[in-house]
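As a plain string of letters, each chain reads:
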Amino acid sequence: MAKPSVQQNQRLAQLKQDVLVQMESMGHWSQENLSPLQNIPLAVLRKNATQRHGVTRFRRGARTTELKTKDVETIDLHPNLLSMEWNDYARFVLYHEYLHALGNRFHDTAFHQLEQLWPFPGADRGREFTQLMRQKSATWLWVCTTCDKKYPRKRKANRRFRCRTCSTILTDVPNMQEVN
Ligand SMILES: [Zn+2]
Ligand SMILES: [Zn+2]
């Protein structure tokens, strides 16, 4: 977890309002008391996170069998989700974390059903975001010399991996892209 900047805090506050208003407008949640979600502090993940886009952190000592909204210490979002081009996906990630904060601990069938209630676009952009974050944080590109496919990675392949498309052994090339 990193301490958010002033601008990040403004975006996080805006996302929180947007998602809570949207949840109130969804039939399913009209009966639920969403106001405890208002009090959960939002923060940001480390910039070089790639697979994790959001995390709900419960207080140490919280009873794991019966997690309550008041036991949530923070919800952290990936800092790159705060740019407007990712706004729709950022809202979905925060909705997903709010589902955890409401006591849904596991990604089980019931959880996925709740996720699918989200009626707004952007829910399907997770893979795209992961790929982009991998490209940004990659030191190496594993390059296929046959079909020119590139796999951005943090470590060298050292001739241990093959292209998923054509099975050629992949070659390590330094990734020159600026990290930001
Ligand atoms: Zn989750
Ligand atoms: Zn290939």
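Computed from a prediction, not measured in an experiment: that's the story for all the values here.

> Hey, could you run me through the overall build of the protein in this one?
Scanning the protein from terminus to terminus reveals five helices and six strands. With the C-alpha coordinates aligned to their principal axes, the bounding extent of the protein is approximately 55 × 35 × 35 Å. A buried classification covers 23% of the 180 residues belonging to the protein. Counted over contacts in the protein with a minimum sequence separation of 6, partners at least 24 positions apart contribute 58%.

> Where do I start with the domain arrangement of the protein in this structure?
It is common to report an interface's size as the accessible area lost on association of the parts. The domain boundaries assigned to the protein delineate domain 1 (6-124) and domain 2 (138-174). For domain 1 and domain 2, the distance between their C-alpha centroids amounts to 35 Å.

> Can you walk me through unusual backbone geometry in this structure?
Among all residues save glycine, negative phi is the norm, and among peptide bonds the norm is trans. At asparagine 158, a residue that is not glycine, the phi angle is positive and equals roughly 50°. One can find asparagine 158 in the loop between β5 (150-153) and β6 (171-174). A tally of 10 C-beta atoms within 10 Å means that asparagine 158 is categorised as exposed. Backbone geometry at arginine 159 places phi at a positive 60°, although glycine is not the residue there. Here arginine 159 is to be found in the loop between β5 and β6.

> Could you clarify how one ought to interpret the pairing of β5 in this entry?
Here is the key point about a regular strand: its side chains alternate between the two faces of the sheet. As defined by bridge partners, strand β4 (residues 140-143) adjoins β5 across four bridges and the pair is classed as antiparallel. The partner of tryptophan 140 across the bridge, within β5, is arginine 153. Counting the residues between successive antiparallel strands, the hairpin from β4 to β5 contains six residues, one of them, aspartate 148, with a positive phi of roughly 65°.

> I would appreciate a short explanation of the nonpolar core in the present structure.
Inside soluble globular proteins, nonpolar side chains tend to come together where they are buried. With 22 residues, the main nonpolar core has Leu77, Leu81, Ala90, Val93, Leu94, Tyr95 and Tyr98 as its most contacted residues. Taken together, the elements giving at least two residues each to this core come down to α1 (6-25), β3 (72-77) and α3 (87-101). With nine residues, the top contributor of residues to this core is α3. If near-sequence neighbours (up to four positions away) are discounted, alanine 90 is found in contact with Leu15, Leu77, Leu81 and Leu82.

> How should the sheet that holds strand β2 (residues 54-58) be read in this particular structure?
Hydrogen bonds along the backbone pair up the strands of a sheet, which may run parallel or antiparallel. Here three strands make up an open sheet; going across it, the order is β1-β3-β2 and the pairing mixed. Every other strand in the sheet has two partners, leaving β1 (42-44) and β2 as the edge strands with one partner each. The average undirected angle you get between the axes of adjacent strands in this sheet is 30°. Strands in contact with α3 are β2 and β3; relative to β2, the strand with the most contacts, it is inclined by about 25°.

> Quick question: what am I supposed to make of the sheet that holds β6 here?
Taking strand neighbours across the sheet as the criterion, the three strands line up as β5-β4-β6 in an open arrangement whose pairing is antiparallel. Bordering the open sheet on either side are β5 and β6, each of which pairs with just one other strand. Shown here is a sheet whose adjacent strand axes are inclined to one another by a mean of 30°, direction ignored.

Rules of the game
Residues numbered from 1 in each chain as written. Chains lettered and ligands numbered in written order. Predicted model: local features only at pLDDT ≥ 70, side-chain atom pairs only at ≥ 80, totals over all residues. Helix = DSSP H or I, 4+ residues; strand = E, 2+ residues; numbered from the N terminus. Buried ≥ 20, exposed ≤ 12 C-beta atoms within 10 Å, placed from the backbone. Contact = placed C-beta atoms within 7 Å. Domains from an automatic or database assignment. Pairing = 2+ DSSP bridges. Core = buried A, V, L, I, M, F, W, Y, C linked by C-beta atoms within 7 Å. Axes fitted to C-alpha atoms, helices over the stretch in contact; angles between N-to-C directions.

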